[in-house]
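Working through the structure, step by step
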Amino acid sequence: MAEVKFVNVKKIFGDNLVLNNINLEVKNGEFCVIVGPSGCGKTTLLRILAGLEDVTEGEIYIDNVLVNNIPPSKREIAMVFQDYALYPHMTVKENMSFSLRLRNFPKEEIKKRVNEAAEILQIKHLLDRMPKQLSGGQRQRVAIGRAIVRHPKVFLFDEPLSNLDAKLREEMRIEILRLHQKLQTTMVYVTHDQIEAMTLGSKIVVMNKGVIQQEGTPIEIYKKPQNIFVASFIGTPTMNFIKGKIILENDKTFLIHKEKKFFIPSYSFPDYSKYNGKEVILGIRPDDIILDESKIDKENAISARVDVVELLGPRENVYIKISDEKTICATTHSFNIAPHTEIKFSLNYLNIHIFDPETEKRIN
Amino acid sequence: MKKSKIKSILLHLLLIIAVVITTYPLIRIFSVSIRPGDRIISTDLSIIPKGATFLSYIKLFKETYFIKWIFNSLIITLSTSLIGVILASSAAYSFSRYKFFGRKIGLYILLFTQMVPAGMLILPLYLMIMKLNLINTYLGMIIAYSVSSLPFSIWILKGYYDTIPRSLEEAAMVDGANEIYAFYKIILPLSTPALSIAFLFNFTMAWNEYLVARVILYNPKSYTWTLGLFELQGQFITQWGMFAAGSIIITIPVLLIFLYSSKWLVSGLTLGSVKG
C-alpha cells in the first residue's frame, strides 16, 4: 500500500502539451478513477506513473519516494492493460507467475500466490490453458491475476473493461470493486466511461485537455460540478444547460430564457445580486426537473410542449421544447406523458447549478 | 454437390500436373545419376535405367573432394544464416521500436542494397575481402554472404515486430524485466515464424550461391559444392553421372531444413495475447 503524488507534472509530445501542471494526491488504499474524453491525457498520466513514459517536468512520488528516474520494473506497481497484454506463448499459470519467477521467488511461494489469485478470480480451472483458448472476460481476469500475485504497492488499470461487452463489463466492475475491498490497495484506474468512474471510484478525477478539471468523491462531482465540462461529462442523460439573463422582480430572482421565466431561490444562488442583469448558464439535471403535478411548484411552474418521449424500461426521458432552439430532457417514472402535449414543470431548487458563461465556472 | 466434386477433380488434376512439372527434372537427374557409365548420354526415358548402379555416387565420394565441399558449404551456410538471424533480429528490433536519427533513411538504404544486382557487387566485395586478407577463407565467404543477406532479414523481421503489440513488452517491464530481457523472453519466442523465414532465406541463398564463391575461393579444397560440381565439367568431357549424383545429394540438407522448420512457419502465434 502506498500514496501516489503528482507534483506540477507536465508532459509535452513534440509541440503538443499533453499534460499541463498536474497536481494530484492519491491516498493510501484509495480507489482513484481518472476519467475524461479520449485525448484528455488520462492514459499518459497513468503511463507516466507506471514509468512507461518520461515526464517533461514535475515530480512523481510513490510511497514518498521520488520515482522519476526509477524504471517500471522497480516501481513496485502492477498494471492491467486495455488489451490485456498476456504473453501468448505462456500458459495462464506462466503468465501469472512471470513476475515472481523474474524476482527469483521460491517455487512454493509462487505456487501459493498464483493459487491464491486464481481462487479470488475464479480461474483455477484455466491455469494450464493458453491465452488464445480463453474468452475476453477470462483473459481480463488473468491480466488482473497477473497483477495481484505481485502484491504491488499500487495497481494501475488502463481502461481494462473497454474491450468487453456490456454485460461482462458490469460483472467485472463488481469484481474489481470486490477486489479493492478485499485487498485495500491503492488503485489508479483510467476510463472514459463515467458510469465506471461513478461506481468504482472512492475518488474521481475529471480531466480534459491535459488539465484536471475537478477531483472529489463521486457524489461531490455529481452534486457540485465545478465547471460546465464536468457538469456535462458526468451523469446520464446529460445535464441541461439553459442560457439566460438574471433579473430581480419583487425581491425574487429569475432567469429569463426567451419568454420563459425560471425561478431561482436565493438559497440556491446566494450571489444573485452580483449577476443582476447579466447572462448566466443554468444547469439542471434531467432528474431534477419535476413533472409530477403533486410535487410541482405551482406558483413558478413553466409550461412547455413535449417533443419526444423515450421509453427506457423503468423510466422515461421526456424531451421538452422550451424555445424554438432549445429542448431539455427530463426523466420521469410516471409514464403518463404523451408527445406533443402541453405540460407544466418546475425545477428541484436544491440541485440548481449556475455557471458563468465566460469562464464556464460554477458561481453558486 | 456435383459442382463441388467437379471442382475438386479439376483442382486435383491441376495440382497433379504442377507436381509432375516440378518433380520431373529431379527424377530425371536421379535417373541419370544411377545410369551405368556407358549409357549416360542415352535417350532412354525410363526412371530406373537398365543396369542401374550407384557407381557415380561412390566415385563422387572417392575421387573428388565432395565431402569436403559439402562440409565447406555447410560451415559457410550455417554460419551465415545464424549470424544473419542474430544480427538482423536485434537490428530489426531497434528499427521497429525506437525512434532515432537516420532511422527512416537507414531502412531505405537497406532496401536500396537489395535493388543492386549481385553482379555489380562482386568487384567491390572482392576488393573488400582481399584488403581484409580473407580471400579463400570461411570468414571471407561468411562476411560476403552476410552483407548481402542481412538487409532482407532486417526488413522481414522489422515488419513482423511491428505487428507485435508494444504493450507486451511494457507488461513485461512492469512485471520486472528490463528491455533486453523482455526482448529475449517475449518478443523473440513470438517471432519464430519470421526468424525461420529469415533463416531459411539466408540458408538457401548461401547454399546455392556460385558467383561470389567463384571470385573469393580459388583452392579446390576450400570450394563450396557449387564450385566443386563445376570442377566435374571438363574441357572435353563432363562427368554427368557424378554431376547428377552430386546434385541429388546437395538437395538433402535444404530439404531437411525445410521439413524441420515448416512447423515454425505457422503464423498466428500471437493469437489470444491481446484483444483482436
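Since this is a predicted model, take the numbers as computed values, not measurements.

1. What about the overall build of chain A?
- Looking only at helices and strands, one finds 8 helices and 20 strands in chain A.
- For chain A, the proportion of its 364 residues judged to be buried stands at 52%.
- Expressed as a percentage of contacts within chain A between residues at least 6 apart in sequence, the contacts between residues at least 24 apart total 67%.
- Here chain A has roughly 16,800 Å² of accessible surface; of this, 47% comes from carbon and sulfur atoms.

2. Quick look at the packing of aromatic side chains
- Scanning the model with the defined rule gives 26 aromatic pairs over all chains in all.
- Ring geometry for B:Tyr93 against B:Tyr98: centres 6.1 Å apart, planes inclined by 85 degrees, an arrangement best described as edge-to-face.
- Look at B:Tyr93 and you get buried, because its relative accessible area is 6%.
- Since its relative accessible area comes to 30%, B:Tyr98 is described here as partly exposed.
- Members of the aromatic cluster, connected to one another through ring pairs, are A:Phe31, A:Phe155, A:Phe157 and A:Tyr189.
- We note A:Arg285 situated over the ring of A:Tyr222; from NZ or CZ to the ring centre the distance is 4.0 Å.

3. Section: the interface of chain B and chain A
- Residue-level contacts link 23 residues of chain B with 26 residues of chain A.
- Buried surface at the junction of chain B and chain A, both sides included, amounts to about 2,100 Å², of which 65% is carbon and sulfur.
- Linking chain B with chain A are 2 salt bridges, by the criterion used here.
- When the shortest N-O distance is used, the salt bridge between B:Asp175 and A:Arg150 registers 3.6 Å.
- For the pair chain B and chain A, the interface holds 9 residue pairs in polar contact (both at pLDDT 80 or more).
- Elements with a minimum of two residues in the side of chain B that touches chain A: α7 (166-175) and α8 (179-190) of chain B.
- With 8 residues, α7(B) is the single largest residue contributor to the side of chain B that touches chain A.
- Taken together, the residues that form the side of chain B that touches chain A break down as 14 nonpolar, 5 polar and 4 charged.

4. Here's the deal with the sheet that holds strand β8 (residues 186-191) of chain A
Residue and element names in this part refer to chain A.
- Here we have 6 strands laid out as an open sheet, ordered β6-β7-β8-β3-β9-β10, and mixed in their pairing. Each end of this open sheet is capped by a strand with a single partner; those strands are β6 (77-80) and β10 (211-216). Mean inter-strand twist for the sheet, computed between neighbouring axes without regard to direction, equals 15 degrees.

5. With respect to the domain arrangement of chain A
Residue and element names in this part refer to chain A.
- Domain assignment breaks chain A into domain 1 (4-232) and domain 2 (240-355).
- Placing a centre on the C-alpha atoms of domain 1 and another on those of domain 2 gives a separation of 40 Å.
- The partner domain 2 presents 7 residues to the 9 residues of domain 1 that form the contact.
- Here domain 1 meets domain 2 over a buried area of about 680 Å², counting both sides, of which 61% is carbon and sulfur.
- On the domain 1 side of the contact with domain 2, Tyr222, Ile228 and Ala231 bury the most area, a combined 63% of that side's loss.
- Between the two partners, domain 1 and domain 2, sit 1 residue pair in polar contact (both at pLDDT 80 or more).
- Elements with a minimum of two residues in the side of domain 1 that touches domain 2: α7 (218-223) and α8 (228-233).
- Partitioning the side of domain 1 that touches domain 2 into residue classes produces 5 nonpolar, 3 polar and 1 charged.

6. Regarding the sheet that holds strand β16 (residues 302-311) of chain A
Residues and elements named next belong to chain A.
- If you walk across this open sheet you meet the 5 strands as β15-β19-β16-β17-β18, and the pairing is antiparallel. Across the chains shown, the open sheet's two edge strands, defined by having one partner strand only, are β15 (289-290) and β18 (327-332).
- Where β16 meets strand β17 (residues 316-321), 6 bridges bridge the pair, whose relative direction is antiparallel. Along β17, the bridge assignment pairs glutamate 310 with asparagine 317.

7. A short note on unusual backbone geometry
Residue and element names in this part refer to chain A.
- Residue proline 237 is bonded to the preceding threonine 236 through a cis peptide linkage, with omega at -15 degrees.
- Locating proline 237 in the fold gives a position in the loop between α8 and β11 (240-249).
- Backbone geometry at tyrosine 84 places phi at a positive 70 degrees, although glycine is not the residue there.
- In this structure, tyrosine 84 sits in the loop between β6 and α2 (92-102).

8. Re the state of the cysteines
All names here are of chain A.
- Scanning the model with the defined rule gives 0 disulfides over all chains in all.
- No disulfide involves cysteine 40; its nearest neighbouring cysteine sulfur is the one of cysteine 32, lying 13 Å away.
- Of the residues examined, cysteine 40 reaches a relative accessible area of 1% and is grouped as buried.

9. Overview of the nonpolar core
- With 99 residues, the main nonpolar core has A:Phe6, A:Ile22, A:Leu156, A:Met207, B:Tyr161 and B:Ile186 as its most contacted residues.
- With 43 residues, the next largest nonpolar core counts A:Val92, A:Leu126, A:Ile144 and A:Met172 among its residues.

10. Here we look at the confidence of the model for chain A
- Per-residue pLDDT for chain A has a mean of 90; in total, 99% of the residues score no lower than 70.
- The least confident element of chain A is β18(A), whose mean pLDDT is 81; the most confident is strand β3 (residues 31-35) of chain A, at 95.

11. Some points on the pairing of strand β4 (residues 57-62) of chain A
- Here strand β1 (residues 4-13) of chain A pairs with β4(A) via 5 bridges, running antiparallel. Looking at β4(A), one finds that A:Lys5 is bridged to A:Tyr61.

12. As for the packing of α2(A) against helix α4 (residues 136-148) of chain A
Residue and element names in this part refer to chain A.
- Between α2 and α4, the shortest axis-to-axis distance is 7 Å and the interhelical angle comes to 30 degrees. As far as their axial angle goes, α4 and α2 are roughly parallel. Here the hand of the crossing between α2 and α4 comes out right-handed. Counted together, Val92, Asn95 and Met96 of α2 and Val142, Gly145 and Arg146 of α4 form the full contact between these two elements.
- Looking at the contact of α2 with α4, its residues break down into 3 nonpolar, 2 polar and 1 charged.

Basis of the calculations
Residues numbered from 1 in each chain as written. Chains lettered and ligands numbered in written order. Predicted model: local features only at pLDDT ≥ 70, side-chain atom pairs only at ≥ 80, totals over all residues. Heavy atoms only, no water. Helix = DSSP H or I, 4+ residues; strand = E, 2+ residues; numbered from the N terminus. Buried < 20%, exposed > 50% of the residue type's maximum accessible area, 1.4 Å probe, protein only. Contact = heavy atoms within 4.5 Å. Areas by Shrake-Rupley, 256 points an atom, 1.4 Å probe, with all protein chains shown as cover. Phe/Tyr/Trp six-rings, centres within 6.5 Å; stacked < 30°, edge-to-face > 60°. Lys NZ or Arg CZ within 6 Å of the ring centre and 35° of its normal. Buried area = accessible area lost by both parts, 1.4 Å probe. Salt bridge = Lys/Arg side-chain N within 4 Å of Asp/Glu carboxyl O. Polar contact = N/O pair within 3.5 Å; in protein donor to acceptor, adjacent residues only side chain to side chain. Nonpolar A, V, L, I, M, F, W, Y, C, P; charged D, E, K, R; others polar. Pairing = 2+ DSSP bridges. Axes fitted to C-alpha atoms, helices over the stretch in contact; angles between N-to-C directions. Domains from an automatic or database assignment. Disulfide = S-S within 2.5 Å. Core = buried A, V, L, I, M, F, W, Y, C linked by side-chain atoms within 4.5 Å. pLDDT = per-residue confidence, 0-100. Parallel < 35°, antiparallel > 145°, perpendicular 65-115°, else oblique. Left-handed = near helix turned anticlockwise from the far one by under 90°.

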